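# Tertiary structure, described
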Amino acid sequence: MKIDSILKFFVPNDTSFFPLFEEGASILLKASALLKTLMVSETMEQREMVSKQIKAVEHEGDELTHRIYQQLNKSFITPFDREDIQALASALDDVLDYINGASQRINLYKPKAIFPPFIEFAGIIHAAAGELEQLLHGLKDAVKNKEKIVQGCITINTLENKADDLYHNGISDLFEHEKDTIELIKNKEIFGTLEKAVDKAEDVSDIIKTILIKMA
Amino acid sequence: MKIDSILKFFVPNDTSFFPLFEEGASILLKASALLKTLMVSETMEQREMVSKQIKAVEHEGDELTHRIYQQLNKSFITPFDREDIQALASALDDVLDYINGASQRINLYKPKAIFPPFIEFAGIIHAAAGELEQLLHGLKDAVKNKEKIVQGCITINTLENKADDLYHNGISDLFEHEKDTIELIKNKEIFGTLEKAVDKAEDVSDIIKTILIKMA
Amino acid sequence: MKIDSILKFFVPNDTSFFPLFEEGASILLKASALLKTLMVSETMEQREMVSKQIKAVEHEGDELTHRIYQQLNKSFITPFDREDIQALASALDDVLDYINGASQRINLYKPKAIFPPFIEFAGIIHAAAGELEQLLHGLKDAVKNKEKIVQGCITINTLENKADDLYHNGISDLFEHEKDTIELIKNKEIFGTLEKAVDKAEDVSDIIKTILIKMA
């Protein structure tokens with residue numbers, strides 16, 4: 001047990017983290033919506049424009065993460081463990097980073113066409129972001145929303161499994177059918193970055209689960 | 001000195017982490033034995049079957065890591081620093097992740113043949129896992145086993161150097177002699193993942209060394 | 001507020017970290033100077049020799065990081081937060097790792113020629129290392145040097161933006177003009193490693209900024 005936990009009995013919780021995490025969730029939702037748009041953009045110019053918008057949203061996320069850390073330094077007592085707040089902020093930021101990473105690679109490598117599974121994959125990322133928004137919203141009153149939070153974590157796990165299959169089949173497909181090695185290299189790396197975004201979304205839900213366990 | 005260290009003078013140590021780490025070591029040993037089998041499996045079907053077994057072992061590892069973290073949250077006093085327990089659990093899990101990562105890539109990319117150095121490399125990983133098992137077993141009575149632990153860390157360092165040379169020569173060989181670019185891409189990435197597994201095994205031994213230094 | 005912060009009112013600071021960080025900065029400067037030399041080395045033999053020197057410098061860095069961690073374990077009170085010292089040491093070590101990683105890849109992959117943008121890129125990394133040296137030197141008297149530190153962080157940010165553009169254009173150029181896929185794979189990966197070195201240098205300056213904010 002840490003000294004923080006002992007002090008919690010005497011000092012009221014600082015709840016100002018919740019609006020910050022809700023802001024993080026809505027930034028993520030915005031980025032993932034743009035990612036969906038990117039995947040159906042037909043011209044290089046459109047893709048460039050959308051990927052610039054995603055980069056701007058990623059900057060918003062960076063600033064938010066910075067504000068959460070500052071808040072952490074100022075707070076005497078936190079609503080849950082300090083490491084968990086930090087882990088949560090950092091994992092949320094990672095999801096955003098990988099969304100931006102995939103988008104920047106599309107803009108940079110200029111694949112001849114968007115590899116079709118990317119469209120469905122972006123949809124899964126967006127759905128996971130929506131679930132995370134619900135989860136982070138529910139965290140404000142975690143005890144009351146326990147059932148809902150557990151359910152949301154299961155949904156994210158299901159989405160991650162779906163993404164995993166899609167990734168698996170897509171990469172097999174690339175290696176079997178893509179005869180242009182350069183295009184294969186491009187799409188393989190973009191796909192790998194997209195896949196990490198989903199992995200990190202599951203990490204966020206795992207951290208939330210841990211927080212819930214500690215509260216029980 | 002942290003408050004934990006001060007409290008240690010008054011409260012008996014919780015030793016329940018040792019069986020968990022020994023379980024971690026035996027999971028790792030199982031995964032690395034399967035990796036050796038994978039490298040000598042001749043058909044795609046065999047490889048697919050073995051890589052599924054490795055994935056299942058990796059899940060066991062994930063669950064164990066989770067249990068270690070839960071134990072950490074419940075423990076008032078830990079046998080060594082909290083960060084070290086966490087670092088140890090996380091590095092052990094990383095070795096397993098890279099073993100699984102290499103195995104999944106073999107199953108996914110379907111290289112035409114197993115690149116011969118992979119067989120020896122899997123042997124090195126398995127040998128390192130065996131050393132780690134000894135180290136983690138010795139940690140239960142670290143002061144008594146100090147000499148043995150130091151010796152085991154040296155062995156792992158030697159294995160890592162051997163792996164490094166093997167990797168170095170193998171990659172040079174690939175770039176010089178593999179004329180099929182697609183096969184080169186596959187084998188280069190599988191090799192890179194195998195190499196990280198050995199790196200992480202050395203990280204585990206470094207963490208154990210740190211723990212030993214603190215105890216001195 | 002952590003127990004450390006409370007104790008700081010009663011116990012004098014341990015300042016022995018500053019010489020260690022200055023040593024870290026000078027190791028980094030040495031490695032980045034060698035990286036510049038590597039990029040203009042004309043024969044494979046010269047490159048091999050320089051990359052061995054870089055590897056030796058990287059080992060120096062590893063030992064230093066180890067000494068910083070040991071110092072951290074022995075210190076009752078630190079000049080700034082424990083996590084920040086650890087983060088600073090680890091980020092400095094990461095810059096060095098990526099410099100060594102790029103250099104080892106050049107030695108290992110043996111690209112037919114050094115891709116021209118690498119020369120300018122190594123110059124940017126060296127300039128960033130020079131700025132970090134000033135920053136880490138200034139940290140010894142952070143309050144007095146505040147203005148200078150802020151200015152140095154801005155310079156590093158400018159260097160990172162320049163590196164970003166150079167990377168962006170270089171990768172586009174590779175995908176458009178490099179017809180030898182094997183050479184493309186080599187240079188793309190070397191470039192990616194160089195780019196991470198600059199990213200990590202910016203991380204170091206971000207950590208320094210955080211330390212400064214806490215002191216204000």
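Residues numbered from 1 in each chain as written. Chains lettered and ligands numbered in written order. Predicted model: local features only at pLDDT ≥ 70, side-chain atom pairs only at ≥ 80, totals over all residues.

The secondary structure content of chain A amounts to seven helices and zero strands. Ordering the α and β elements of chain A from the N terminus gives α-α-α-α-α-α-α. For chain A, whose C-alpha radius of gyration is 19 Å, the value lies close to the compact-globule estimate of 17 Å for 216 residues. Taken along the three principal axes of its C-alpha coordinates, chain A extends 65 × 30 × 25 Å. (Helix = DSSP H or I, 4+ residues; strand = E, 2+ residues; numbered from the N terminus. Rg over C-alpha atoms; globule rule 2.2 N^0.38 Å.)

In screw terms, the move from chain A to chain B is a rotation of 120 degrees and a rise of 0.0 Å along the axis, fitting with an RMSD of 0.0 Å. In symmetry terms, the pair is related by a three-fold rotation axis. (Least-squares fit on C-alpha atoms with pLDDT ≥ 70 in both.)

All right, on to the environment of K214 of chain A then. For K214 of chain A, the location among the structural elements is in helix α7 (residues 181-215). Judged by the 15 C-beta atoms lying within 10 Å of it, K214 of chain A is partly exposed. Spatially, the C-alpha atoms of K214 of chain A and D81 of chain A are 9.0 Å apart, while their sequence positions differ by 133 residues. If we skip the residues at most four places from it in the chain, K214 of chain A touches F80 and D81 of chain A together with N73 of chain B. (Buried ≥ 20, exposed ≤ 12 C-beta atoms within 10 Å, placed from the backbone. Contact = placed C-beta atoms within 7 Å.)

Attention now moves to the interface of chain A and chain B. With 10 residues of chain A in contact, the opposing surface of chain B contributes 10 residues. If you list the elements that add at least two residues to the side of chain A that touches chain B, you get α6 (146-177) and α7 of chain A.

Attention now goes to the packing of helix α2 (residues 17-39) of chain C against helix α3 (residues 44-74) of chain C. All names here are of chain C. Interhelical geometry of α2 versus α3 gives an angle of 165 degrees and a closest axis separation of 9 Å. In terms of orientation, α2 lies roughly antiparallel with respect to α3. Taken as a pair, α2 and α3 cross one another with a handedness that is left-handed. When its residues are assigned to classes, the contact of α2 with α3 shows 12 nonpolar, six polar and six charged. (Axes fitted to C-alpha atoms, helices over the stretch in contact; angles between N-to-C directions. Parallel < 35°, antiparallel > 145°, perpendicular 65-115°, else oblique. Left-handed = near helix turned anticlockwise from the far one by under 90°. Nonpolar A, V, L, I, M, F, W, Y, C, P; charged D, E, K, R; others polar.)

On to the interface of chain C and chain A, then. Contacts between the two partners involve 11 residues from chain C and, on the opposite side, 10 residues from chain A. When residues of the side of chain C that touches chain A are traced back to their parent elements, those giving at least two are α6 (146-177) and α7 (181-215) of chain C. Looking at the side of chain C that touches chain A, the element that brings in the most residues is α7 of chain C, giving five residues. Its residues placed into classes, the side of chain C that touches chain A shows seven nonpolar, three polar and one charged.

As a further point, take the environment of E195 of chain B. Residues and elements named next belong to chain B. Here E195 shows up in helix α7 (residues 181-215). On the basis of neighbour count, E195 is assigned to the buried category, with 22 C-beta atoms found within 10 Å. Along the chain, E195 and N100 lie 95 residues apart, while their C-alpha atoms are 13 Å from each other. With residues up to four places along the chain from it excluded, the contact list for E195 reads A163 and Y167.

Residues that lie three or four places apart on an α-helix share one face, since the helix turns once every 3.6 residues. In this model α3 of chain C runs 45 Å from its N-terminal to its C-terminal C-alpha over 31 residues, within 8% of the 45 Å that 1.5 Å per residue would give. The inward-facing, buried residues of α3 of chain C contact α2 and α4 (82-109) of chain C. (Expected span 1.5 Å × (residues − 1).)

Moving on to the packing of helix α5 (residues 117-138) of chain C against α6 of chain C. Residues and elements named next belong to chain C. Running from N to C, α5 and α6 cross one another at 165 degrees; their axes reach a closest spacing of 10 Å. With respect to each other, α5 and α6 are oriented roughly antiparallel. Crossing geometry of α5 relative to α6 is assigned as left-handed. Contacts from P117, E120, F121, I124, A127, A128, E131, Q134, L135 and G138 of α5 reach α6 at K148, I149, G152, T155, I156, L159, K162, A163, L166 and G170. Class assignment for the residues of the contact of α5 with α6 results in 11 nonpolar, five polar and four charged.

This paragraph deals with unusual backbone geometry. All names here are of chain A. For K110, which is not a glycine, the phi torsion comes out positive at approximately 50 degrees. Assignment of secondary structure puts K110 in the loop between α4 (82-109) and α5 (117-138). For K110, a count of 14 C-beta atoms within 10 Å puts it in the partly exposed group.

So, on to the environment of F21 of chain B. Residue and element names in this part refer to chain B. Within the fold, F21 resides in helix α2 (residues 17-39). By C-beta crowding, F21 is classed as buried, having 23 other C-beta atoms within 10 Å. Between the C-alpha atom of F21 and that of L136, which follows or precedes it by 115 residues, the distance is 6.5 Å. Apart from residues lying up to four places away in sequence, F21 is in contact with L88, L136 and L139.

Right, let's talk about the confidence of the model for chain A for a bit. Residue and element names in this part refer to chain A. Across chain A, pLDDT averages 90, with 93% of residues at or above 70. α5 holds the highest mean pLDDT among the elements of chain A, 97, whereas helix α1 (residues 3-7) holds the lowest, 53. This complex was scored by the predictor with a pTM of 0.82 and an ipTM of 0.73. (pLDDT = per-residue confidence, 0-100.)

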